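Remarks on the overall topology
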Amino acid sequence: MTGPPPPDHTSDLSSNIQTTASSAAQDASGRQPAAASSAASQLASAKISLRKTLRQFPDFPIPGIDFVDIMPLFANPEAHATLVSALELQISQTFNNVKPDIIVGLDARGFLFGPGLALRLGVGFAAVRKKGKLPGPCVTAEYVKEYGKDLFQMQEDAIKEGQKVLIVDDIIATGGSAKAAADLVTQLKGQVLGYLFILEIPGLNGRDKLGAAPTTILLEEA
Ligand SMILES: O=P(O)(O)OC[C@H]1O[C@H](OP(=O)(O)OP(=O)(O)O)[C@H](O)[C@@H]1O
Ligand SMILES: Nc1ncnc2[nH]cnc12
């Protein structure tokens, strides 16, 4: 994962995944297993390719942290398209085609792909922001993450009571940020359908903080 981004390998994958994502959904009802298995194998190749675009920077932002840089995923439009298509397919596989009512993305890197994903799914997007950035009445939750402590907020009207919420972010490390986002959703009487991340920082047991709702990590096995 270390070093500069290699040449792009994703150009052929994004359109293929886009066209087969709905076929995978059909397989859940037993109608198109061949297309679904093709979508699954394209998703597997896309994950390997996406993983290769990540870079690592040792001792950033503080000594001892091996920082995983996801920005190359967005630098190339084909890698970006592959990412969004792969996330969409991952959601349909993990949640058995149960669509969230709203996607909640975390400040700041959850904003890079959360709104685009929401648009693809035809659902709304709501922001979890660091304290002091959102106007109007807000709910607040404190959290501790891999390199510090912070406060998150959501606007009180961002979620309606009973809405099914998918929480998305680029990376889960300690799980503190995602847990705080879930606390905010719960304060607003939303229902956490699950969590979606691009990547997990190993060895920190972040998922243990998140309780029973399903957690899916796109590049877990790539
Ligand atoms: O699982 P955790 O230990 O909570 O860590 C994960 C969080 O840390 C990073 O964000 P950061 O707080 O660095 O903010 P940024 O997105 O604004 O860079 C990352 O984007 C996640 O949101
Ligand atoms: N090691 C890491 N790399 C990138 N983002 C992070 N957020 C929390 N831990 C991180």
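Residues numbered from 1 in each chain as written. Chains lettered and ligands numbered in written order. Predicted model: local features only at pLDDT ≥ 70, side-chain atom pairs only at ≥ 80, totals over all residues. Heavy atoms only, no water.

We now examine the overall build of the protein chain. Counting secondary structure elements, the protein chain contains 6 helices and 9 strands. Expressed as a percentage of the 222 residues in the protein chain, the buried residues total 45%. Sequence separation of 24 or more characterises 63% of the internal contacts of the protein chain that already satisfy a separation of 6 or more. Surface accessibility of the protein chain: about 10200 Å² in total, with carbon and sulfur atoms responsible for 52%. (Helix = DSSP H or I, 4+ residues; strand = E, 2+ residues; numbered from the N terminus. Buried < 20%, exposed > 50% of the residue type's maximum accessible area, 1.4 Å probe, protein only. Contact = heavy atoms within 4.5 Å. Areas by Shrake-Rupley, 256 points an atom, 1.4 Å probe, with all protein chains shown as cover.)

With that settled, consider unusual backbone geometry. With an omega of 0 degrees, the peptide bond running from Phe60 to Pro61 counts as cis. Following the sequence through the fold, Pro61 ends up in the loop between β1 (55-58) and β2 (66-69). For the bond running from Asp107 to Ala108, omega is 0 degrees, close enough to zero to count as cis. On the secondary structure map, Ala108 appears in the loop between β3 (102-106) and α5 (114-121). With a phi close to 60 degrees, Asp59 is a non-glycine residue in the positive phi region. Relative to the elements of secondary structure, Asp59 occurs in the loop between β1 and β2. The backbone of Asn97 shows a phi angle near 65 degrees, a positive value even though the residue is not glycine. Structurally, the position occupied by Asn97 is in the loop between α4 (77-94) and β3. Using a relative accessible area of 37% as the deciding quantity, one classes Asn97 as partly exposed.

Looking now at the pattern of salt bridges. By the definition in use, this model includes 8 salt bridges. Measuring nitrogen to oxygen at the nearest pair gives 2.9 Å for the salt bridge that ties Asp170 to Arg109. Of this pair, Asp170 sits in strand β7 (residues 164-172) while Arg109 sits in the loop between β3 and α5, and the two are 61 residues apart along the sequence. Among the charged side chains, a network of salt bridges with common partners joins Glu200, Arg207 and Glu220. (Salt bridge = Lys/Arg side-chain N within 4 Å of Asp/Glu carboxyl O.)

Here we come to the nonpolar core. As a rule of thumb, nonpolar side chains are buried together in soluble globular proteins. With 32 residues, the main nonpolar core has Leu73, Leu83, Leu87, Ile103, Leu117, Ile198 and Leu218 as its most contacted residues. Residue assignment for this core shows that the elements contributing at least two residues are α2 (33-53), α3 (72-75), α4, α5, β7 and β8 (191-200). Per element, the largest residue contribution to this core is 6 residues, and it comes from α4. The contacts of Leu87, once residues within four sequence positions are left out, are Phe113, Leu117, Leu196, Ile198 and Leu218. (Core = buried A, V, L, I, M, F, W, Y, C linked by side-chain atoms within 4.5 Å.)

We now examine the environment of Val144. With respect to the helices, strands and loops of the structure, Val144 is situated in strand β5 (residues 138-145). Sequence separation between Val144 and Ser177 is 33 residues, and the spatial gap between their C-alpha atoms is 7.2 Å. Each residue touching Val144, except ones within four places of it in the same chain, is listed here: Lys149, Thr174 and Gly176.

A word on the side chain of Ser177. Here Ser177 is to be found in helix α6 (residues 176-187). Look at Ser177 and you get buried, because its relative accessible area is 16%.

As summarised here, the arrangement of the 7 strands in space is β5-β6-β4-β3-β7-β8-β9, forming an open sheet in which the pairing is mixed. The sheet is open, and its two borders are formed by β5 and β9 (215-217), each paired with just one other strand. Averaged over neighbouring strand pairs, the angle between their axes works out to 25 degrees when direction is ignored. Here β3 pairs with strand β4 (residues 124-130) via 5 bridges, running parallel. Across the sheet, Ile103 pairs through a bridge with Phe125, a residue of β4. Across the face of the sheet, α6 comes into contact with β3, β4, β5, β6 (148-155), β7 and β8 while running at roughly 160 degrees to β5. (Pairing = 2+ DSSP bridges. Axes fitted to C-alpha atoms, helices over the stretch in contact; angles between N-to-C directions.)

To continue, consider the packing of α4 against α5. Two elements in contact, α4 and α5, have axes separated by 10 Å at closest approach and are oriented at 60 degrees. The angle between α4 and α5 falls in the class oblique. Crossing handedness for the pair α4 and α5: right-handed. Touching Val84, Ser85, Leu87, Glu88 and Ile91 of α4 are Leu117, Arg120 and Leu121, all from α5. The residue makeup of the contact of α4 with α5, split by class, is 5 nonpolar, 1 polar and 2 charged. (Parallel < 35°, antiparallel > 145°, perpendicular 65-115°, else oblique. Left-handed = near helix turned anticlockwise from the far one by under 90°. Nonpolar A, V, L, I, M, F, W, Y, C, P; charged D, E, K, R; others polar.)

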